[in-house]
Structures are given as C-alpha cells and as structure tokens.
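Read off the chains here:
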Amino acid sequence: MNDRRYPEAAVDRFEPPPIAFADREGREVEIRAYDGTEETDEALVSMYTAFDPSDRAQGIPPGGEKRVREWLEAILTDDCLNVVAWCDGEVAGHATLVPDDDAYELAIFVHQTYQEAGIGTRLISGLLGHGQAEGVEKVWLTVERWNRAAVSLYEKIGFETSNAESFELEMALRLNESADGESSDGESDDRE
C-alpha cells in the first residue's frame, strides 16, 4: 500500500464506450473498448512506432517496434482496461488503466497528428466511463508539472493533486464509491 490520497467523493458519471463524435478538425472519431483482435493490436503497434519521441514521458511509450510490442503485451491484458480512439481506420489514441495495489494508474497517448483536437479529453472520459462500468474505485496518474494544458484537463475532469513534491505532479480521483462503504480515510461511512 502507499500513502496516496484520494478525494472522498466520487466524480460524476462518464459515458462508457463506444462513443462517436467529430473532433475540432471535423474528423469522425470513435472511442471503443479494446477488443483484443489482431487488427487492433497491429494498429496500436503502427501508432506507437510512429509516435513522436518528444511526446514520450517517463519512458513510455517505448521506442522501436520490438519494445512497443513487449510493452503492449504487458498492458493489453485482462486485468488492465484499455480504450482506443479510431479515426479513418487508424488508431488516433489509446488510454489504459493499469492495476496498482488498490487503485489503477492512468496513461493516455494521442498520436501527434490528432493532438489539440479534443480527442484526448474524450479518450480519458471514455476510459473513465469504462472504468466506472467495471467497478474501478480509484485512479491516479502522474504528469510533468510544466504541462499546464494536461494538468488543467485533468483538473477539469475531476482529478485532484495528491502529491506535488517532485518535478511531477501526482493526481488522483475517486471513480466509484467504495464497495465496503468506507471513505478514503478508512472510516465507515454511516450516512443514509
């Protein structure tokens, strides 16, 4: 266990995938839960091998096809939750919730061709909707503190800063109420 703090109240409901919308460039985009098909796997490999190295953070996504395939194999498992943004038959973005102790760590990647068009916001919302539907209670992420646009987006969605002691901010949110009726401080919640 860790000493990560989570907000006491769960965030509002998010729409689970599939979600179809037009991005700010007018492109038709669909957010779908990961389906485990070879077509999706290969489309993800294609996106990540073409990923701009300057958009990598904390060593992910890795560079090179072999390392991308190994990394995807580790996060496209049944215990992780994944959603994929599709546009014109190719992957525009991918987001994942990876189990970590009693919570899930969120990571999101939008290919540089599709950035700043609103896809990332919808991708995170779709992932969180998928997580709510699957009963995920707590989610956390890290973001470089200088990345004000990302920090602002995460705050808008409902994340709160839980640790600001390094060059990265750690942010967290409560996605669903605890199944055991306990609040984030471990005390029973007897409200009726």
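Residues numbered from 1 in each chain as written. Predicted model: local features only at pLDDT ≥ 70, side-chain atom pairs only at ≥ 80, totals over all residues. Heavy atoms only, no water.

Where an unreviewed UniProt entry is consulted, the protein appears under the name Acetyltransferase (GNAT) family protein, with the organism given as Halorubrum cibi.

A.B. asks: Can you walk me through the nonpolar core in this structure?
C.D. replies: The tendency in soluble globular proteins is for nonpolar side chains to be buried as a group. In this structure, Leu106, Leu128, Val139 and Phe159 are the most contacted members of the largest nonpolar core, which totals 35 residues. Not counting the four nearest positions on each side in its chain, Val139 is found in contact with Tyr6, Leu97, Tyr104, Leu106, Leu128, Phe159, Met171, Ala172, Leu173 and Leu175. Formed by 16 residues, the second largest nonpolar core is a distinct cluster that contains Phe51, Ile75, Val84 and Val91. (Core = buried A, V, L, I, M, F, W, Y, C linked by side-chain atoms within 4.5 Å. Buried < 20%, exposed > 50% of the residue type's maximum accessible area, 1.4 Å probe, protein only. Contact = heavy atoms within 4.5 Å.)

A.B. asks: What exactly am I supposed to notice about the pattern of salt bridges here?
C.D. replies: Opposite charge on two side chains makes pairing possible when the charged atoms of those side chains draw close. As enumerated under the stated definition, the model contains eight salt bridges in all. As a salt-bridge pair, Arg4 and Glu170 come within 2.9 Å of each other at their nearest N and O atoms. In this pair, Arg4 sits in the segment before strand S1 (19-22) while Glu170 sits in strand S8 (residues 168-174), placing the two residues 166 residues apart along the sequence. Given the relative accessible area of 15%, Glu170 is considered buried. In this structure, Asp23 and Arg27 form a salt bridge, with 2.7 Å as the shortest nitrogen-oxygen distance. A relative accessible area of 6% places Asp23 in the buried class. One continuous salt-bridge network, built from bridges that share partners, spans Arg4, Asp100 and Glu170. (Salt bridge = Lys/Arg side-chain N within 4 Å of Asp/Glu carboxyl O. Helix = DSSP H or I, 4+ residues; strand = E, 2+ residues; numbered from the N terminus.)

A.B. asks: I keep staring at unusual backbone geometry and nothing clicks. Help me out?
C.D. replies: Residue Pro18 follows Pro17 across a cis peptide bond; omega there is 10 degrees. Tracing the backbone shows Pro18 in the segment before S1. We note that Asp101 has phi near 55 degrees; this positive angle belongs to a residue other than glycine. Relative to the assigned elements, Asp101 resides in the loop between strand S4 (90-100) and strand S5 (103-110).

A.B. asks: Honestly, the sheet that holds strand S6 (residues 138-144) in this entry has me stumped. Any pointers?
C.D. replies: Either a parallel or an antiparallel arrangement is found when strands of a sheet pair, and the pairing is made through backbone hydrogen bonds. Ordered in space as S1-S2-S3-S4-S5-S6-S8-S7, the eight strands form an open sheet in which the pairing is mixed. Each edge of the open sheet carries a strand with a single partner, namely S1 and strand S7 (160-163). Between one strand axis and the next, the sheet turns through 25 degrees on average, direction left out of account. Alignment of S5 against S6, held across two bridges, turns out to be parallel. Bridge pairing in S6 places Tyr104 opposite Val139. (Pairing = 2+ DSSP bridges. Axes fitted to C-alpha atoms, helices over the stretch in contact; angles between N-to-C directions.)

A.B. asks: Can you help me understand the packing of aromatic side chains in this one?
C.D. replies: Each aromatic ring pair is specified by the distance between its two centres and by the angle formed by the two planes. For the structure on display, the rule yields six aromatic pairs. Centre to centre, the rings of Tyr48 and Phe109 are 5.6 Å apart; their planes meet at 80 degrees, and the pair counts as edge-to-face. With Tyr48 in helix H1 (residues 38-49) and Phe109 in strand S5, this residue pair connects regions lying 61 residues apart in the sequence. For Tyr48, a relative accessible area of 0% puts it in the buried group. Under the relative-accessibility criterion, Phe109 is labelled buried at 6%. (Phe/Tyr/Trp six-rings, centres within 6.5 Å; stacked < 30°, edge-to-face > 60°.)

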